[in-house]
Amino acid sequence: MSRAKLQGLGIDLPLFPITSVGSFPKPDFLLKARTDFANGKISRGALEKAVRQATAFWIRQQEKLGVDVLVDGEMYRGDMVAYFAEYLDGFEPGGLVRSYGNRYYHKPIITGEVHWDEPITLEWWKYARGLTSKPLKGMVTGPYTMMDWSFIEYYPDRRTACLALAKEIRKEVEALIEEGAKIIQIDEPAVSVRPEELPVAIEAMHIVTDGLPAYFITHICYGAFENIYPGVLDLPVDNVDLEMSNSGLDMLDLFKKSRYTKDISFGAVDVHTHLVEEEQVVEQRLRQALELLPKEAIWVDPDCGLKTRTVDEAIAKMQSVVTAAKALRAVTSDE
Amino acid sequence: MELTLCNHSSYPRIGDDPEHQLLRRTIAQRDKGERTDDAVRAAQDRMTELALAEQAEAGVDLVTDGQIRWSDPISHLAGKLAGVRVNGLLRFFDTNFYFRQPVVQGMLERTGPLVLDEFKFAQEKSARPVKAVLTGPYTLARYSVEENGGAGGFEKVLEGYTAALAAEVATLAAAGATVIQVEEPALLKYPEDFPRLERSLTALAMSKDSAQLALVLYFGDPAPIYDHLQTLPVDLLGLDFTYNPSLVDRVASNGTARTLMLGLVDGRNTRLEDPATTARQIEKLARGADLNRAYLSPSCGLEFLPRDRARQKLRHLAVIRNTFLGSPS
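Keep in mind that what you see is a predicted model, and the values were worked out from it rather than measured. Numbers given to residues run from 1 along each chain, matching the order in which its sequence is written. In the order they appear in the text, chains get letters beginning with A and ligands get numbers beginning with 1. Only residues with pLDDT of 70 or above have their local features reported here, since the model is predicted, and side-chain atom pairs are shown and tallied only from 80 upward, although totals for entire chains, interfaces and linings are computed over all residues.

### Considerations on the overall build of chain B
The condition that has to hold: Only DSSP runs of H or I reaching four residues or more are called helices, and only runs of E reaching two or more are called strands; each is numbered from the N terminus. Only C-alpha atoms enter the radius of gyration, while the globule expectation follows 2.2 Å times N to the 0.38, with N the number of residues. Each residue is classified by how many other C-beta atoms fall within 10 Å of its C-beta atom, where C-beta atoms are placed from the backbone; a count of 20 or more means buried, 12 or fewer means exposed, and values in between mean partly exposed.
Scanning chain B from terminus to terminus reveals 12 helices and 10 strands. Since a compact globule built from 329 residues should have a radius of gyration of about 20 Å, the 19 Å found for chain B is in line with a globular shape. Considered along the principal axes of its C-alpha atoms, chain B spans approximately 55 × 45 × 35 Å. Here chain B, with 329 residues, has 50% of them falling under the buried criterion.

So, in structure tokens, the structure goes:
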């Protein structure tokens, strides 16, 4: 378990630390500001003011809810890959491709050597940190996902592109640590898609995290997790954040077959349904986790980022997470 | 030596120009109650016409309707069958594209044509022959789940989809489709199911009349099952050459009696292939395949690319063919 590591970093968290995966829904005023900015109706400064207001809103909400490890809510981002691609040299914005149904996104193209020139998320992280005294996660998209969700024209193969990205993303991580970030999440939702490439993802994660003084989390979701478990435990991170609830906790069956050895951020509510789970449902899910995992290893959060929900739904789902985690904390802390 | 150019299957239904965002805009307005289903159909018609025009402009000999009306390759067909409800999103193979998963609740039944109207519309609007495209029964079955007993197990689900698609193949053949493409990418993930696929394709082959039946595999390396594929009752084999460079050597050495659809142009990456390198691959393939009957195509549907790049890839087919034939592009 990594409690000692956290304490070494000066972070003392209660049992079942409550956090969220990263994104929250953008309030209506920010959506309008983004549209107005895209249409040339407002300045970048006006847009950034709206982003700051929205970030402050979500920091307040998380504090009010009683979240232990906060996020900035990613109000400044659209897509998690396109955002970083916009700031890294070597990328060109790509045209629209379909994600599903009538949803589309701009898929970036790697046309040159990737290079990190200056911090990408740092100013937003600093702004959010100034609004809270609680620990605040640094949030970075991982090299494997950056590679997999981009077109690769410059590099000869996927591994070379992934490792090149890892070297540059490490610089963003170093910048966050230098500014005081102690918990950093490297999002790798694509990592389960091609099981044969798991070694590449692990090699890249070593490049990003090796030797750096932070508690590292990686978020993995919506893939064939059974195809990369238990190999995924070789990722050099302290905590793996998993969407447990969407799949009916079936990943616990995998943990029965092969022991889970890291901290886990246990996705306790489904983010792809409007239905807000009752506290008892969430608590029952956590109790099932406790049958297999040591209580000191379990963090609690939603399955994935909440950006696809409404503001009210996101708050209600976080409330369920908080209430259930605190209830369980109360009854298990003395056991 | 001939080498016919053909599109694979899908084509982007959006682009960055406002004209190319007609369908997205109309669907969004329909979902808000501002437009009707008829307006969406008109937008689909328009985008299909644009897809056909861009294929023709690129010099493609055998075109498709671009699957502009398809919500995804699975639920567009399965969702039209009785006994199926369409559920939540699942990742489509190793792409960042998601399909809605069919949930089989009882016996599967085709209650009407699945893509006939789409095919007929494209055929009417295109001066070039149109290839009809279907996701195959095995792939549909593999990505479905059953509930409340479903159809009675995987074999029954596969039988249900097979019967439905065999009827569709017959309908398309009767409507004048000369090439009917059946896509079975799931086979490359589960090659041990080859006998199941063979049974299913045999049923489809019996329904094709004078049309040519094409089995098309993508998103994986077909080399391990290449020799088995030669035994299947199909006229055309479409192969994705982007996963294994040595597949070219396998085809060259082992040969084929089937007409090949050569997926040598990567439909998943924007990088354009070096024409000379690809031409050399084709030269090598000529040792094992009759290129007078072969098609040159992208490796998979082009919907995974932005529109401008998809169009470039289609134009690139002609560049590669001209390089191979030794004439200036």
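### Some details on helix 11 (residues 311-332) of chain A
Residue and element names in this part refer to chain A. To keep it simple, the criterion reads: Here a helix's expected span is defined as the number of its residues, less one, multiplied by 1.5 Å. It is the C-beta atoms, placed from the backbone, that decide contacts: two residues are in contact if theirs lie within 7 Å.
Here helix 11 is 22 residues long and its end C-alpha atoms lie 31 Å apart, about the 32 Å a rise of 1.5 Å per residue gives. Taken residue by residue, helix 11 has Ala 314, Lys 317, Met 318, Ser 320, Val 321, Val 322, Ala 324, Ala 325 and Leu 328 as its buried positions. Where the residues of helix 11 are buried, they touch helix 3 (44-65), helix 10 (279-290) and strand 11 (298-301).

### Some points on the sheet that holds strand 4 (residues 109-115) of chain A
Residue and element names in this part refer to chain A. To be explicit about the condition: For two strands to pair, DSSP has to find at least two bridges joining them.
Spatially, 1-4-6 is the arrangement adopted by the three strands of the open sheet, whose pairing is mixed. Across the chains shown, the open sheet's two edge strands, defined by having one partner strand only, are strand 1 (89-92) and strand 6 (151-152). Here three bridges tie strand 1 to strand 4, and the two strands are oriented antiparallel to one another. Residue pairing in the sheet places Phe 91 in a bridge with Ile 110 of strand 4.

### Considering the pairing of strand 11 of chain A
Residues and elements named next belong to chain A. Heads up, the condition is: Looking down the strands as they point away from the viewer, one classifies a crossover as right-handed if the path from the first strand across the helix to the second runs clockwise.
Burial along strand 11 is two-sided: the residues Ile 298 and Val 300 and Trp 299 and Asp 301 are all buried. Across four bridges, the pairing between strand 10 (residues 263-267) and strand 11 is parallel. In the sheet register, Ile 264 faces strand 11, and the bridge partner there is Ile 298. Remark: the strand 10/helix 10/strand 11 crossover connection has right-handed handedness.

### Looking at the confidence of the model for chain B
Parts of the prediction with low pLDDT should not have their coordinates interpreted in detail. Applicable threshold: Summary of the metric used: pLDDT quantifies the predictor's per-residue confidence within the range 0 to 100.
With 99% of its residues at a pLDDT of at least 70, chain B reaches an overall mean of 96. For this predicted complex, the interface score ipTM comes out at 0.94, while the overall pTM is 0.91.

### Observations regarding the interface of chain B and chain A
Here is the rule: The nonpolar class holds Ala, Val, Leu, Ile, Met, Phe, Trp, Tyr, Cys and Pro. Asp, Glu, Lys and Arg form the charged class, and all remaining residues, Gly among them, are polar.
Contacts between chain B and chain A engage 25 residues on the former and 21 residues on the latter. Listing elements by their share of the side of chain B that touches chain A, those giving two or more residues are helix 1 (22-31), strand 2 (82-91) and helix 12 (307-325) of chain B. Its residues placed into classes, the side of chain B that touches chain A shows nine nonpolar, six polar and 10 charged.

### Structural notes on the nonpolar core
In plain terms, the rule: Nonpolar cores are identified as sets of buried Ala, Val, Leu, Ile, Met, Phe, Trp, Tyr and Cys residues joined via C-beta atoms within 7 Å.
Of all hydrophobic cores here, the largest spans 97 residues; its most connected members are A:Phe266, A:Val300 and A:Val321. For A:Val321, the contacting residues outside a window of four places in its chain are A:Ile18, A:Ala268, A:Val269, A:Val282, A:Val300, A:Asp301 and A:Pro302. By size, the runner-up hydrophobic cluster in this structure holds 93 residues, among which are B:Phe99, B:Tyr218, B:Ala294 and B:Leu314.

### Section: unusual backbone geometry
All names here are of chain A. With an omega of 10 degrees, the peptide bond between Tyr 229 and Pro 230 qualifies as cis. For Pro 230, the position within the fold is in the loop between strand 8 (215-220) and strand 9 (239-242). The phi torsion at Phe 16 lies on the positive side, around 50 degrees, for a residue other than glycine. Note on placement: Phe 16 falls in the loop between helix 1 (3-8) and helix 2 (28-38).

### Things to note about the sheet that holds strand 2 of chain B
All names here are of chain B. Rule in force here: Here an angle of 0 to 180 degrees is reported between the N-to-C directions of two axes, which are lines fitted to C-alpha atoms, with helices fitted over the stretch in contact.
A sheet is described by the order of its strands in space; here three strands give the open sequence 2-3-5, paired in mixed fashion. Edge positions in the sheet fall to strand 2 and strand 5 (145-146), since each of these pairs with one other strand and no more. Inspection of the sheet shows strand 2 paired to strand 3 (residues 98-109) by seven bridges, in the antiparallel sense. Within strand 3, the residue paired with Arg 91 across the bridge is Tyr 98. Against the sheet, helix 6 (residues 154-174) touches strand 3 and strand 5, its axis set at about 95 degrees to strand 3.

### A short note on the packing of helix 2 of chain A against helix 3 of chain A
Between two packed helices, what matters for the description is the angle formed by their axes and the separation of those axes. All names here are of chain A. The criterion, for reference: Here roughly perpendicular refers to angles of 65 to 115 degrees, roughly parallel to angles under 35, roughly antiparallel to angles over 145, and oblique to all remaining angles. By definition, any crossing whose near helix is turned counterclockwise from its far helix by less than a right angle is left-handed, and any crossing with a clockwise turn is right-handed.
Remark: helix 2 packs on helix 3, axes separated minimally by 9 Å, with the N-to-C direction vectors making an angle of 165 degrees. Classified by the angle between their axes, helix 2 and helix 3 sit roughly antiparallel to one another. Read as a crossing pair, helix 2 and helix 3 show a hand that is left-handed. Between helix 2, through Phe 29, Leu 30, Ala 33, Arg 34 and Phe 37, and helix 3, the contact on the second element is made entirely by Arg 44, Ala 46, Leu 47, Ala 50, Val 51 and Ala 54. Among the residues making up the contact of helix 2 with helix 3, the classes are represented as nine nonpolar, no polar and two charged.

### Overview of the environment of B:Thr270
Residues and elements named next belong to chain B. Note that Thr 270 resides in the loop between strand 9 (259-265) and helix 11 (275-285). Thr 270 sits in the buried class, given 24 other C-beta atoms within 10 Å. Note: C-alpha distance between Thr 270 and Arg 309 (39 residues apart in sequence) is 6.0 Å.

### A closer look at the pairing of strand 4 (residues 132-135) of chain B
Residue and element names in this part refer to chain B. Of the two faces of strand 4, both are covered, the one formed by Ala 132 and Leu 134 as well as the one formed by Val 133 and Thr 135. Pairing of strand 4 with strand 6 (residues 179-183), which is carried by four bridges, proceeds in the parallel orientation. Following the sheet pairing, Val 133 is matched in strand 6 by Gln 181.

### A word on the environment of B:Arg24
Mapping B:Arg24 onto the fold places it in helix 1. Distance from B:Arg24 to B:Gln44, taken between C-alpha atoms, is 9.7 Å for residues 20 residues apart in sequence. With residues up to four places along the chain from it excluded, the contact list for B:Arg24 reads A:Asn102, A:Tyr104 and B:Ile14.

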